[in-house]
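# Structural features, examined
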Amino acid sequence: MKKLLLPALLSALLAACSSTGTDTAGAKVEDRTGAGAGVATVTAPSMSGSGIAALTDPNNILSKRSVFFDFDSFVIKAEAKPLVEAHARFLVQNPQMKMLIQGNTDERGSREYNLALGQKRADAVRQALTLLGAKDSQIESVSLGEEKPRCTEATESCYAQNRRGDMLYSGEF
């Protein structure tokens, strides 16, 4: 039985992998078979949903990448929920995309405390994205603590800019 099953599976696999070469949509590729001056075509997977351009369009919510937090907190504010929802939709519509969330803090507190708080902030954003449908395998969360400040002045408005979770997509980290 096993002797018959292996050749049958092998021939089925080879038949499934064969190509007819009749695809005519997509990017042109040089034909080096010597069968004339024709070209073969290859189709690249397209971005669905809002598209990759939305990530850099300043008029699109997806270009906003920071979720801000209150002092000594890792609770996502109500004002940040539409931003998190938009990024979750984008990840659901584009399963090939990966995201890195960097949790940040202001300079107040010990280095160890800030690393732990930064991780809790990154994890809070990650959990919200996965609860909204993004795959856990698409998202990684890390803490930068106080090591990557956006602002260096010793004012409350500056501290508020540093209490954040930054969302970066594949190619940005």
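Numbers given to residues run from 1 along each chain, matching the order in which its sequence is written. With the structure being a predicted model, the display of local features is reserved for residues of pLDDT at least 70 and the display and counting of side-chain atom pairs for 80 or more, all residues being used for whole-chain, interface and lining totals. Where side-chain values are given, they derive from all heavy atoms of the structure, hydrogens and water being excluded.

Quick note on the threshold: UniProt positions are given in the numbering used here, feature names are shortened, and annotations may be inferred rather than shown by experiment.
The protein is annotated in an unreviewed UniProt entry as Peptidoglycan-associated lipoprotein of Parazoarcus communis SWub3 = DSM 12120. Annotation of the protein in UniProt includes, under Sequence similarities (unreviewed entry), the sentence "Belongs to the Pal lipoprotein family."

### Quick word on the pairing of strand S6 (residues 164–169)
Quick note on the threshold: With a 1.4 Å probe rolled over the protein chains alone, any residue whose accessible area is under 20% of its type maximum counts as buried; one over 50% counts as exposed, and the rest are partly exposed. Helix and strand labels come from DSSP, where a helix needs a run of H or I of at least four residues and a strand needs a run of E of at least two; each type is numbered from the N terminus. Note: two strands are recorded as paired if DSSP finds a minimum of 2 bridges between them.
Along S6, 6 of the 6 residues are buried, which leaves the element largely enclosed by surrounding structure. Burial along S6 is two-sided: the face carrying Arg 164, Asp 166 and Leu 168 and the face carrying Gly 165, Met 167 and Tyr 169 are both buried. Pairing analysis gives 3 bridges linking strand S3 (residues 66–68) to S6, with the strands arranged antiparallel. In the sheet register, Ser 66 faces S6, and the bridge partner there is Asp 166. Where strand S4 (residues 99–104) and S6 come together, 5 bridges link them in antiparallel fashion. Bridge pairing in S6 links Gln 102 to Asp 166.

### Side note on the environment of Pro 82
By the element assignment, Pro 82 lies in helix H2 (residues 81–93). The spatial distance from the C-alpha of Pro 82 to the C-alpha of Ile 61 is 8.5 Å, given a sequence separation of 21 residues.

### Looking at the packing of aromatic side chains
The line we're drawing: Pairs were defined over the aromatic rings of Phe, Tyr and Trp, the Trp ring being its six-membered one, requiring ring centres within 6.5 Å. Orientation was assigned from the angle between planes: stacked under 30 degrees, edge-to-face over 60, tilted for the rest.
Using the criterion set out here, one finds 1 aromatic pair in the structure. Ring geometry for Phe 90 versus Tyr 169: centroids 5.3 Å apart, planes at 80°, classification edge-to-face. On the criterion of sequence distance, the pair formed by Phe 90 in helix H2 and Tyr 169 in strand S6 is long-range, its members being 79 residues apart. Taking the relative accessible area as the measure of exposure, Phe 90 reaches 1% and is therefore buried.

### Structural notes on the environment of Leu 91
What counts is decided by this rule: We call two residues contacting when some pair of their heavy atoms lies within 4.5 Å.
Locating Leu 91 in the fold gives a position in helix H2. Among the residues examined, Leu 91 registers a relative accessible area of 0% and is labelled buried. Residues Leu 91 and Tyr 169, 78 residues apart in the sequence, show an inter-C-alpha distance of 9.8 Å. Every residue in contact with Leu 91, bar those within four places of it in the chain, is listed here: Met 97, Met 99, Leu 129, Ala 134, Gln 138, Ile 139 and Tyr 169.

### Observations concerning H2
Our working definition: A helix is expected to span 1.5 Å multiplied by its residue count minus one.
With 13 residues, H2 extends 18 Å from end C-alpha to end C-alpha; this agrees with the ideal 18 Å at 1.5 Å per step. Buried positions along H2 lie against S3, S4, helix H3 (111–131), strand S5 (139–145) and S6.

### Observations concerning the pattern of salt bridges
So the rule is basically this: Definition used for salt bridges: Asp or Glu carboxyl oxygen within 4 Å of a side-chain nitrogen of Lys or Arg.
What the rule picks out here adds up to 10 salt bridges. With a shortest N-O distance of 3.4 Å, Asp 106 and Arg 163 are connected by a salt bridge. Here Asp 106 is found in the loop between S4 and H3, whereas its partner Arg 163 is found in the loop between helix H4 (156–162) and S6, with 57 residues between them in sequence. The pair formed by Asp 106 and Arg 163 is uniform in burial state, with each residue classed as buried. The network of salt bridges with common partners includes Asp 106, Arg 108, Glu 156 and Arg 163.

### Quick notes on H3
Between its terminal C-alpha atoms H3 stretches 30 Å, which fits the 30 Å expected from 21 residues at 1.5 Å a residue. Among the residues of H3, Asn 114, Leu 117, Gly 118, Arg 121, Ala 122, Ala 124, Val 125, Arg 126, Ala 128 and Leu 129 are the ones counted as buried. Considering only its buried residues, H3 is in contact with S3, H2, S4, S5 and S6. Count one or two residues on from H3 and you reach Gly 133, which has phi positive near 115°.

### Observations concerning unusual backbone geometry
Phi at Asp 72 takes a positive value of approximately 55°, unusual for a residue other than glycine. Along the chain, the position of Asp 72 falls in the loop between S3 and H2. Since its relative accessible area comes to 42%, Asp 72 is described here as partly exposed.

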